[in-house]
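Examination of the molecular architecture
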Amino acid sequence: MHDQPGPDPEELRRERAALQREVERLRQELEGARRAPAGPAAELGALLDQRIAEDQARLIASRAAATLRGHADAEPAAGWHEAELRTVIEGAIDCAIVVTGRDGHVLSWNPGAGALLGWGEAAALAGMPLDAALEPGDEAAAGALAADAATVLGGGRVSREGWVRRRGNGRAWVAIEAMPLRAPGEATPVGAVWMLHDRSAARLAEAALREEEAKYRILFEAMDEGVMIFERLPQRPNGLRDWRYVTMNPASQAMFRTGDLTGRSVRDHFPDEDEGWYDIFDRALETGEVARFEREARSQGRILQMYVARVQDQARGRIMVVMQDVTTHRRAEAALRESEERFRSFAENSADVLWIAGEQGARLEYLSPAFERIFGEPRDHLLADLGRWRDLVHPEDRAAAFEAMPRALAGETVVAQYRVVRPADGRVAHLRDTGFPIRDASGRVARVAGIVQDVSDMVAASGALETEKERFRRLAEGIPQLVWRSADGGDWSWASPQWIAFTGLTDAASRGPGWLGAVHPDDRAVVRAAWGRAAAMDIVDAECRLRRAADGTWRWFQMRGARGPAVGAGGAAEWLGACADIDDTIRAREALTRGAEELEARVAERTGELMAAEESLRQAQKMEAIGQLTGGIAHDFNNMLQGVTGALEMARRRMDEGRAGDAARYMLAARDAAGRAAGLTRRLLAFARRQRLDPKPLKPEALAAGMADMLRRMVGPAIALELRLEDGAGAVLCDPNELESAILNLCINARDAMPEGGSLTIASRGARLGAAALRPDEAALPGDFIEIAVRDTGTGMAPEVMERVLEPFFTTKPQGQGTGLGLSQVFGFVRQSGGVLRIASTPGRGTTVRLLLPRHAGGAAAVPDEAGGMEQAELAAAGATVLMVDDETTVRTPAAERLRDLGYHVVEAPDGPAALRLLDEGLRPDLLVTDVGLPGRMDGRSVAEAAQDRLPGLPVLFITGFARVALPDDAAVIPKPFDLEVLARAITAALPREG
């Protein structure tokens, strides 16, 4: 050091001793710091360097203070200590120490100052102003240095960094520390101590570090991977482990969709995550090993690929986690595996052969099982040696087949058709092999794949089609018709040679609508209209004239065609047709048309004659039918009248002979004959549906059951009678007597049809006849019916007999055994009751007659029993007056006499006017009995109405043999002929009862 005389020796001894102890301690710390590793130890070394520099400054300050006080009488004993301290201070060349006075001039300095500031000759610094020694280099730096000096001389301290000039060698960035210099016992600073540390290298390192940190920060922020630093937290009171987010980059924030979680607890933010995460973090921190794994974050539903490593030493408790979201990738891999599995399943079950070849087509990587079925060769052979495929290809097709692979490897999609000879059975199979390239990500052809289809059936079908086409061509060219093919709308696509030869139009000229050039101009609109209708009908049909090229004449042709199937997939339909020469037919038709009027006139004339003949025939048939009817009636009535007249003649003779007993017997015979005649008339009226019915609601099964005993006696023991009656089928509204008569007649016919015995069944059931089930000749209305069926196992009837079975007086029975009116009467009764009669018969098997009567909605009434004989007192009403009107004296007189015998007062009238005159003259009868069919203008109903007008409430009893006049539904009627006892009972019933 170069300075002026030092301070008081005693004071210097004390200061030097203290400094010696401090320097020794600092030296030991410095040595330990230099042996310590980098990191925190480096920071400690820097701190010790600063401490040593400060102690050096204190030593210099002590010497400077002594100089300033002018104490030059230092003790010689202090020389050793000063020399030792000087050696230490001058050896600290990494710190520049400069002492200035209050005027700012340099008083003292150490060698480090000369080295830092570039002043090789130390003497040059003596007395130099501090700003000249440091050379700040600009006004701002000089001003800062002046401000530092003012601060220090004012008693403050300065600590900053700034630039200083290094003499002859540019600038240096230094850390400036300045403190006031005071003399012992004085408060006012006498100068300043300046310590300068060269921080140029550190500044450059810090700048480089900041630049690196900026680069790393940019990389940290821009990384696709999530990067996070975690710090382990103390275990919670409940024993749960936890970590804290120290930092996290944007990628990790995006993965978790949470924003920045820095400073937050993992467990607080993701309370549901499993403990496995904490195990991984703890193990990485405690072992220092890097953990690499994939794991699903349940709270996020994502798959993460993780790298976990410890940051610095374990004591700091930090780990770094680098993670990559591989959810999409893993799901894509799963989808790829699924797709591959689907492809494999498809390939393994495909009817076609699927193949994949690699290594430039030299080896097969995959071959589907269908290969063995189509090629007839185990696929293992081909997988082991692709050359085996070349051996299977038919020799004639090898050249074309072998060039397909190189073309596919060159990037083409190649379709090759070839044949193979199956080793399994020697059969030749026709194949279509479609090969195509498979490219990698760079677009390079990496392998080739293909599909092989067995098209043997298609080839066979194509051959058959070609054969059919050839047959069609030969047929089309061999027939005289002009054959053509067309698209929709009449655009022809082909014309046969016959068309070309006839019309003179070439095939090209006939295509499209060109063929219309051969059609007569007047017929083209007709042809176009036919094609317009063809789309809806699938048929085109038109007559037109075509020009014959040979002589220019026009001939009539019929153009007819039909739509065929579509040509190819999604193609349009093709029409096929022909034009047939009908010119001769047209001319013949014209000739027929010309003769049509003549023919029509002749037909009309003949029709008139025929109609007249038919009318004559119908009249003759009517007369024949009437003759047959009247002949039958006359025959039967003559027999019956003969019985009456013969019996009466014999009764008269016996009366004359006085044999009255014998006369009564003949009178009974006459009465019986008259009863048969009455039955005949009833059957005739029933056939004509003119009989007077007395309908009542009844149950047919009950009526038939009541007839069972009588029917068994009637049919005899050789015939088994079976009743199949459905109980509860319902009621019908009809005349009970007529229904009973109908069943009896049918059973009699059945008995006569079974002379050797058999089975007779009477059945009843409910039935429904709709409008469709009723024949046009059946007058019944649709609805519910009760069916009564009479079925026998007799001889049956032939069809010709069935046609006449309902004709009156037609019978198949021997002469004298039937009148032929039984079925006619049944038919008339059923029709008059609103029902249907149906007959089914098979020769040798029997006949079934079904009566279908409308179901009656109301209940059934009991079938009344016939009244027996009545006592005279019961029949007659004392003093009752009966007015009897009938134009037939033979009818009126016996009836009146019988009533008088019974105690009635009877007044007779021959017609209606005579009866009304009696009423006008004051007659007041208790009952009017009148015939319906009276002569003159007044019938029985008119007489009854006129009488009731005069005597309201007058009871009326009608008697009739043939009811031409409609009577009221509730009218009391007795049909002729009648028994006088029946008349008496009817009169008693009609008279009002007293009480």
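Residues numbered from 1 in each chain as written. Predicted model: local features only at pLDDT ≥ 70, side-chain atom pairs only at ≥ 80, totals over all residues. Heavy atoms only, no water.

On to the overall build of the protein chain, then. Along the protein chain, the regular secondary structure elements total 33 helices and 32 strands. Partitioning the intrachain contacts of the protein chain with sequence separation of at least 6 by distance along the chain shows that 57% fall at a separation of at least 24. Total accessible area on the protein chain is roughly 54300 Å²; 53% of this is exposed by carbon and sulfur atoms. (Helix = DSSP H or I, 4+ residues; strand = E, 2+ residues; numbered from the N terminus. Contact = heavy atoms within 4.5 Å. Areas by Shrake-Rupley, 256 points an atom, 1.4 Å probe, with all protein chains shown as cover.)

The next thing to look at is the UniProt feature "modified residue: 4-aspartylphosphate" (unreviewed entry) in the protein chain. UniProt's entry tags D931 with the feature "modified residue: 4-aspartylphosphate" (unreviewed entry), counted in the numbering of this structure. The residue D931 is located in strand β30 (residues 927-931) in this model. Residue D931 is classed as buried on the basis of its relative accessible area, which comes to 5%. If we ignore the near neighbours within four places in the chain, the residues touching D931 are V885, D886, D887, G940, I959, T960 and K976. (UniProt positions renumbered as here; feature names shortened; annotations may be inferred. Buried < 20%, exposed > 50% of the residue type's maximum accessible area, 1.4 Å probe, protein only.)

Quick look at unusual backbone geometry now. Although it is not a glycine, D538 sits at a positive phi angle of roughly 65°. Locating D538 in the fold gives a position in the loop between α20 (524-537) and β18 (539-547). When its relative accessible area of 38% is taken as the criterion, D538 is described as partly exposed.

Scanning all chains against the criterion turns up 14 aromatic pairs. Each ring, one from W484 and one from W492, has its centre 5.3 Å from the other, and the planes form 10°; the classification is stacked. Taken together, the ring pairs connect W484, W492, W499, W515, W531 and W575 into an aromatic cluster. Against the face of F402 rests R390, its NZ or CZ located 6.0 Å from the ring centre. (Phe/Tyr/Trp six-rings, centres within 6.5 Å; stacked < 30°, edge-to-face > 60°. Lys NZ or Arg CZ within 6 Å of the ring centre and 35° of its normal.)

This part takes up the packing of helix α25 (residues 708-715) against helix α26 (residues 736-752). For the pair α25 and α26, the least separation of the axes is 10 Å and the interaxial angle reads 30°. With respect to α26, the element α25 is oriented roughly parallel. The way α25 lies across α26 gives a crossing that is right-handed. When α25 is examined against α26, the residues M710, L711, M714 and V715 are found in contact with a partner set consisting of I743, L744, C747, I748 and R751. Of the residues belonging to the contact of α25 with α26, the class tally is 8 nonpolar, no polar and 1 charged. (Axes fitted to C-alpha atoms, helices over the stretch in contact; angles between N-to-C directions. Parallel < 35°, antiparallel > 145°, perpendicular 65-115°, else oblique. Left-handed = near helix turned anticlockwise from the far one by under 90°. Nonpolar A, V, L, I, M, F, W, Y, C, P; charged D, E, K, R; others polar.)

Strands sit in the order β12-β11-β15-β14-β13 across an open sheet of 5 strands; the sheet is antiparallel. A single partner strand is all that each edge strand has here, and the edge strands are β12 (363-367) and β13 (414-421). Between one strand axis and the next, the sheet turns through 30° on average, direction left out of account. Strand contacts of helix α11 (residues 327-349): β11 (353-358) and β12, with the helix running at about 120° to β11, the strand carrying the most contacts. (Pairing = 2+ DSSP bridges.)

This paragraph deals with the pattern of salt bridges. What the rule picks out here adds up to 48 salt bridges. In this structure, E543 engages R589 in a salt bridge whose closest nitrogen and oxygen atoms are separated by 3.1 Å. Here R589 lies in helix α21 (residues 583-594) and E543 lies in strand β18, a separation of 46 residues in the sequence. (Salt bridge = Lys/Arg side-chain N within 4 Å of Asp/Glu carboxyl O.)

Let us look at a positive patch on the surface. On the surface, a cluster of positive charge is contributed by R165, R171, R203 and R210. Mapped onto the elements of the fold, R171 is located in strand β4 (residues 171-181). (Patch = residues over 30% accessible without salt bridge, like charges linked within 9 Å, V, L, I, M, F, W, Y side chains within 5 Å. Lys, Arg positive; Asp, Glu negative; His and termini not counted. Charge placed at Lys NZ, Arg CZ, Asp CG, Glu CD.)

Along the chain, T327 falls in helix α11. Here the side chain of T327 touches I303 through a polar contact of 2.7 Å, landing on its backbone nitrogen. (Polar contact = N/O pair within 3.5 Å; in protein donor to acceptor, adjacent residues only side chain to side chain.)

Spatially, the 5 strands line up as an open sheet ordered β7-β6-β10-β9-β8, and their pairing is antiparallel. Of all strands in the sheet, those with a lone pairing partner are β7 (243-248) and β8 (291-297), marking the two edges. Neighbouring strand axes in the sheet, compared pairwise and without regard to direction, differ in orientation by 35° on average. Here 8 bridges tie strand β9 (residues 302-311) to strand β10 (residues 318-325), and the two strands are oriented antiparallel to one another.

Our next topic: the packing of helix α30 (residues 889-901) against helix α33 (residues 980-990). In the contact formed by α30 and α33, the axes pass within 10 Å of each other and the chain directions differ by 60°. Considering the angle they form, α30 stands oblique to α33. Relative to α33, the crossing made by α30 is right-handed. Between α30, through P894, A895, R898 and L899, and α33, the contact on the second element is made entirely by L980, E981, L983, A984 and I987. Residue composition of the contact of α30 with α33, grouped by class: 7 nonpolar, no polar and 2 charged.

What follows is about the nonpolar core. Counting 36 residues, the largest nonpolar core has L711, L739, I743, C747, L760, I762 and L851 as the members making the most contacts within it. The element that contributes the greatest number of residues to this core is α26, accounting for 6 residues. Every residue in contact with I762, bar those within four places of it in the chain, is listed here: A704, L711, L721, E722, L723, R724, L725, I743, C747, I788 and A789. (Core = buried A, V, L, I, M, F, W, Y, C linked by side-chain atoms within 4.5 Å.)

Within α25, burial applies to A708, L711, M714 and V715. Seen from one end, α25 has its buried residues packed into an arc of 125°, which puts them on one side. With respect to the buried face of α25, the exposed residues turned more than 90 degrees away are D709 and R713. If you follow the buried residues of α25, they end up packed against α24 (700-706), β22 (719-725), α26 and β24 (758-769). At the exit of α25 stands G716, carrying a positive phi of roughly 90°. (Arc of directions from axis to C-beta.)

A separate point is the environment of T506. Within the secondary structure, T506 sits in the loop between α18 (497-503) and α19 (507-510). Separated by 10 residues in the primary sequence, T506 and S496 have C-alpha atoms spaced 9.9 Å apart. One polar contact links the side chain of T506 to the main-chain amide nitrogen of A509, over a distance of 3.1 Å.

Moving on: the confidence of the model for the protein chain. The predicted model of the protein chain averages 78 in pLDDT, with 77% of residues at 70 or higher. With pLDDT under 50 throughout, residues 1-7 is counted as low confidence; its partners more than four residues away or in other chains account for 33 contacts. Of the regions scoring below 50 in pLDDT, residues 862-875 engages in 15 contacts with residues more than four places distant in sequence or in other chains. (pLDDT = per-residue confidence, 0-100.)

As a further point, take the environment of R398. The topology assignment puts R398 in helix α15 (residues 398-402). Expressed as a C-alpha distance, the spacing of R398 and R419, which sit 21 residues apart in the sequence, is 8.8 Å. Not counting the four nearest positions on each side in its chain, R398 is found in contact with R390, D391 and V393. There is a polar contact of 3.2 Å between the side chain of R398 and the backbone oxygen of D391. A distance of 2.9 Å separates a polar atom in the side chain of R398 from the backbone oxygen of V393.

Turning our eyes to something else, we now look at the state of the cysteines. Applying the stated criterion across every chain, the model contains 0 disulfides. With no disulfide of its own, C544 lies closest to C579 among cysteine sulfurs, the gap being 6.0 Å. C544 sits in the buried class, given a relative accessible area of 0%. (Disulfide = S-S within 2.5 Å.)

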